[in-house]
Amino acid sequence: MAFELPALAYATDALEPHIDKMTMEIHHGKHHQAYVDNLNKALAGTDSANAKIEDILKSISKFPMPVRNNGGGHYNHSLYWSIMSPNGGGTPTGDLAKAIDSAFGTFDAFKQKFAEAGTTRFGSGWAWLCLKADGTLCVCSTPNQDNPLMDIAECPGTPLLGMDVWEHAYYLKYQNKRPDYIAAFWNVVNWTAVAERFAKAK
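Right, let's walk through the structure included here.

So, how was this worked out
- Residues numbered from 1 in each chain as written.
- Predicted model: local features only at pLDDT ≥ 70, side-chain atom pairs only at ≥ 80, totals over all residues.
- Heavy atoms only, no water.
- Disulfide = S-S within 2.5 Å.
- Helix = DSSP H or I, 4+ residues; strand = E, 2+ residues; numbered from the N terminus.
- Buried < 20%, exposed > 50% of the residue type's maximum accessible area, 1.4 Å probe, protein only.
- Patch = residues over 30% accessible without salt bridge, like charges linked within 9 Å, V, L, I, M, F, W, Y side chains within 5 Å.
- Areas by Shrake-Rupley, 256 points an atom, 1.4 Å probe, with all protein chains shown as cover.
- Salt bridge = Lys/Arg side-chain N within 4 Å of Asp/Glu carboxyl O.
- Contact = heavy atoms within 4.5 Å.

### What to know about the state of the cysteines
- Counting across every chain of the model gives 1 disulfide.
- Cys140 shares a disulfide with Cys155; S-S distance 2.3 Å. Its S-S torsion of approximately 60° makes the covalent link between Cys140 and Cys155 right-handed. Within this pair, whereas Cys140 is found in strand β2 (residues 137–143), its partner Cys155 is found in the loop between β2 and β3 (158–164), the two being separated by 15 residues in sequence. Of the two residues, Cys140 and Cys155, neither departs from the other in class, the shared state being buried.
- Here Cys130 is not disulfide-linked; the sulfur of Cys140 is the nearest cysteine sulfur, at 4.6 Å.
- Taking relative accessible area as the criterion, Cys130 reaches 0% and is therefore assigned buried.

Next up, the structure:
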């Protein structure tokens, strides 16, 4: 079965004023749809056409670049939509909060490190909060549509929270002010969804 564009769990204007309706419409309906379409084309007729996207990414070094770029784009954006909510913001609780405090000292220290990962990523890419194989949390960034699941990643792990810092994610509203977009992002993070990913990854 071919990969499909996942539906949003909220309206395209639901994240305003932090992420605007037009950006959401173009980002989800055009950019993500293109990744899905190009991934299906790249995998058509191969043994991996019906594979899970996670399994493809974990062995991405065996695939041609179109699969890496578009498979990463599909996975990354699917995660991105799922960890945002109109009712987002605030702080994590429970086991996730404890793990963040253990890894980074405080939630504010984590936010600063995560923001730095997004701000200092040159060009296009992503910032991540990941669960490493040893059970600890880490923050890192990846270029383009790469992610920590990939077997070529410099920071391997299971992504829990991902922030898109490609210009198409923020340019219509924030222009070249990426730090302003990153600051606004915290208002829409769905910590319940991130905590569910954390519990499943453990």
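What follows continues from the structure just given.
### Thoughts on a nonpolar patch on the surface
- On the surface, Met22, Ile26 and Leu172 cluster together into a nonpolar patch covering about 270 Å² of accessible area.
- Looking at where Met22 falls in the secondary structure, it is placed in helix α1 (residues 21–43).
- Given a relative accessible area of 49%, Met22 falls into the partly exposed group.

### Remarks on the pattern of salt bridges
- Evaluated as defined, the whole model comprises 3 salt bridges.
- For Glu25, the salt bridge identified is with Lys21, shortest N-O distance 3.9 Å. Here Glu25 pairs with Lys21, and both are found in helix α1, just 4 residues apart, close to one helical turn.
- Judged by its relative accessible area of 37%, Lys21 falls in the partly exposed class.

### Some words on the environment of Tyr10
- Relative to the elements of secondary structure, Tyr10 occurs in the segment before α1.
- Look at Tyr10 and you get buried, because its relative accessible area is 11%.
- Placed 75 residues apart in sequence, Tyr10 and Ser85 show a C-alpha to C-alpha distance of 7.3 Å.
- Those residues in contact with Tyr10 that sit more than four places away from it in its chain are Leu15, Met24, Trp81, Met84 and Pro86.

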